[in-house]
Amino acid sequence: MLELRGVTYRYAGYARPVLHDVDLALRDGEIVGLVGANEAGKSTVCLVASGLAPASIGGQLGGDVVIDGERTTSLPVHELAQRVVIGFQNPSTQRSGVAATVFEEVALGPMNLGLPVAETLARTRRALATLRIEDLADRDPARLSGGQGQLVAIAGLLAMGPRHIVLDEPTAQLDPEGSNLVAAALRDLARTGAALLIVEHKADLLDGICDRVAVVDAGRIVLDGPTTAVLGDERLAGWGVEPPSRVRLARSLAARGLPGLAELGWTA
Amino acid sequence: MSSLVAFVAGGYLVPLALVAIALVSAATGGVARRLASVSLLLTLPIAVSVVLVSALTRAGTEVLVVLGPFDVTREGVDFAGQMLVRLFAISTAIGLFSLTTDPRAFVFDLERRGLSPRFAFVAAATVEAVPAMVTRAGVIAAAQRSRGLDTEGSLRARLRGVLPLVGPVILSSLTEVEERSLALEVRAFGRPGVRHLLWWPPDTAVERVARWLIVAALLVLVAVRLAGAWPPIP
């Protein structure tokens, strides 16, 4: 279980906190989406949930971040990495720069964990297969497209065999097929008992895979509930979030007095 | 090592020979043009100030030109020339190393020799920084040109075009380094203890002998310099 309890966070050098009294709990096997406008504090929630803030980037943390019963502040970063991993938006900055091939890039995490070579190889092959990028294994990771690079970065995280995953806009550079592959991989991971926190602007993706969605506005969680209820909330646009296409379609149909909503089992 | 040799030796001959060796090696590896760009990029900002200060302020017995309140002396020009060739020897050595060294091999080899992966990564990031910065400068220059910045034509126009590049290149490099170090932390890069590497860089007998020969040459040079059997550094 991954929990943020009354979390307040201020970046080093900032006069004011960016997060205010954030409560968010992710149960094992649960996929939680996080939405909000730009600068709402979504990425900061990710950094705090992964323990990188304040452990790596400094700043001041109030409240508690608890992973499987242990506070993140009591764990060194390399131990945190075995419990929760975080994926960032930009694939080029997630490249280690010390791998000649995609295979080596994905293998870097397991290798750093000190795993035996056979286990590192097995995990790497599994991660590549999960995202169907085995054909990229021999490619230079510096010469991939943005979408390929993002899949390789996510494969690198999967190969770590993490207990929980935090992803900050994981599909920003992916085409629909790539997004679907990532979504399927995340669902599989959740089935193994991992808790997943996903920041995403594509509400459709969250609509398809999340158990719950939380809305961040000005550093506070303003709404947290079942995916259908949150993504269908009338206030969503006011928080800078575009509802998923099914909700927009339903509203459009309703505005024209056309039937169809109830028949499809949709609620807006 | 080449940089140290250039400084210990002084004069013109040895540093120029080192520049020639670096350029020939780069041509063999197909990176001569990139090495020339990198070398100029690294050297010019320092060279301009070094040459001006040395030529205009160094005292000497033979005045070549008088520029306002400054006497340009033969000794000052000689010193500036020697500093310039040394700077080029150093920048070509660093550039050649950056452009031809596989960061993976570098990191793993340092680790094999007992350095922590963290230190090895910092060293590799430094190796990668130069070509990455050249590439990024190219991308930013293209973006600036598309917004109407004149970076072609006369030398003055080109120099004027360099200034708007410096800030974005340096800032984006710093941001990238921070994000990359976070991404590595997430992948347990800072974990202490043994890593079972998948691959070791080859280290042939020829390479080992060549390395020891270079170290020996440096030691001989230092000894010759200490014995006073080499022209003094101005």
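Participant: Any details on the overall build of chain A? Residues and values, ideally.
Facilitator: A tally of regular secondary structure across chain A gives 11 helices and 10 strands. Taking 18 Å as the expected radius of gyration for a compact globule of 268 residues, we find that chain A reaches 19 Å, a close match to that expectation. The dimensions of chain A, computed from C-alpha atoms along their principal axes, are 60 × 45 × 30 Å. The 268 residues of chain A split such that 50% are buried. Relative to all contacts within chain A whose residues are 6 or more apart in sequence, the contacts with residues 24 or more apart total 65%.

Participant: Lay out the nonpolar core in plain terms, naming residues and giving numbers.
Facilitator: The tendency in soluble globular proteins is for nonpolar side chains to be buried side by side. Formed by 98 residues in total, the largest nonpolar core has its most connected members in Val48, Ala155, Leu196 and Leu197 of chain A. Examining the composition of this core, we find that 7 residues originate from one element, helix α6 (residues 146–158) of chain A, more than from any other. Not counting chain neighbours up to four residues away, the residues in contact with Leu196 of chain A comprise Ile31, Val32, His164, Ile165, Leu186, Leu189 and Ala190 of chain A. Ranked by size, the runner-up nonpolar core spans 17 residues in total, among them Val5, Leu35, Leu42 and Phe88 of chain B.

Participant: Please provide a residue-by-residue account of the interface of chain B and chain A, values included.
Facilitator: Quoted interface sizes are often the accessible area lost when the parts come together. Residue-level contacts link 27 residues of chain B with 31 residues of chain A. When contributions to the side of chain B that touches chain A are tallied by element, the ones reaching two or more residues are α5 (103–112), α6 (117–146) and α7 (155–186) of chain B. Per element, the largest residue contribution to the side of chain B that touches chain A is 8 residues, and it comes from α7 of chain B. Considered class by class, the residues forming the side of chain B that touches chain A number 14 nonpolar, 3 polar and 10 charged.

Participant: Explain the sheet that holds strand β2 (residues 19–26) of chain A residue by residue, including any values.
Facilitator: Residue and element names in this part refer to chain A. Read from one edge to the other, the open sheet built from 4 strands follows the order β2-β1-β4-β5, with strand pairing classed as antiparallel. Each of the sheet's edge strands pairs with one partner strand only, and the pair in question is β2 and β5 (70–71). Of the pairings in the sheet, the one linking strand β1 (residues 2–10) to β2 comprises 5 bridges and is antiparallel in character. Within the sheet, the bridge partner assigned to Tyr9 lies in β2 and is Leu19. Its contacts with the sheet place helix α1 (residues 42–50) against β1, β2 and β4 (60–67), and it is angled at close to 120 degrees to β1.

Participant: How would you summarise α1 of chain A if you had to cite specific residues and measurements?
Facilitator: Residues and elements named next belong to chain A. Across the 9 residues of α1, 9 count as buried, placing the element largely inside the fold. Looking only at α1, the buried set comprises Lys42, Ser43, Thr44, Val45, Cys46, Leu47, Val48, Ala49 and Ser50. Note on α1: the residue one or two positions beyond its end, Gly51, has a positive phi of about 90 degrees.

Quick notes on the rules
Residues numbered from 1 in each chain as written. Chains lettered and ligands numbered in written order. Predicted model: local features only at pLDDT ≥ 70, side-chain atom pairs only at ≥ 80, totals over all residues. Helix = DSSP H or I, 4+ residues; strand = E, 2+ residues; numbered from the N terminus. Rg over C-alpha atoms; globule rule 2.2 N^0.38 Å. Buried ≥ 20, exposed ≤ 12 C-beta atoms within 10 Å, placed from the backbone. Contact = placed C-beta atoms within 7 Å. Core = buried A, V, L, I, M, F, W, Y, C linked by C-beta atoms within 7 Å. Nonpolar A, V, L, I, M, F, W, Y, C, P; charged D, E, K, R; others polar. Pairing = 2+ DSSP bridges. Axes fitted to C-alpha atoms, helices over the stretch in contact; angles between N-to-C directions.

Purely spatial values, then, with no claim about function.
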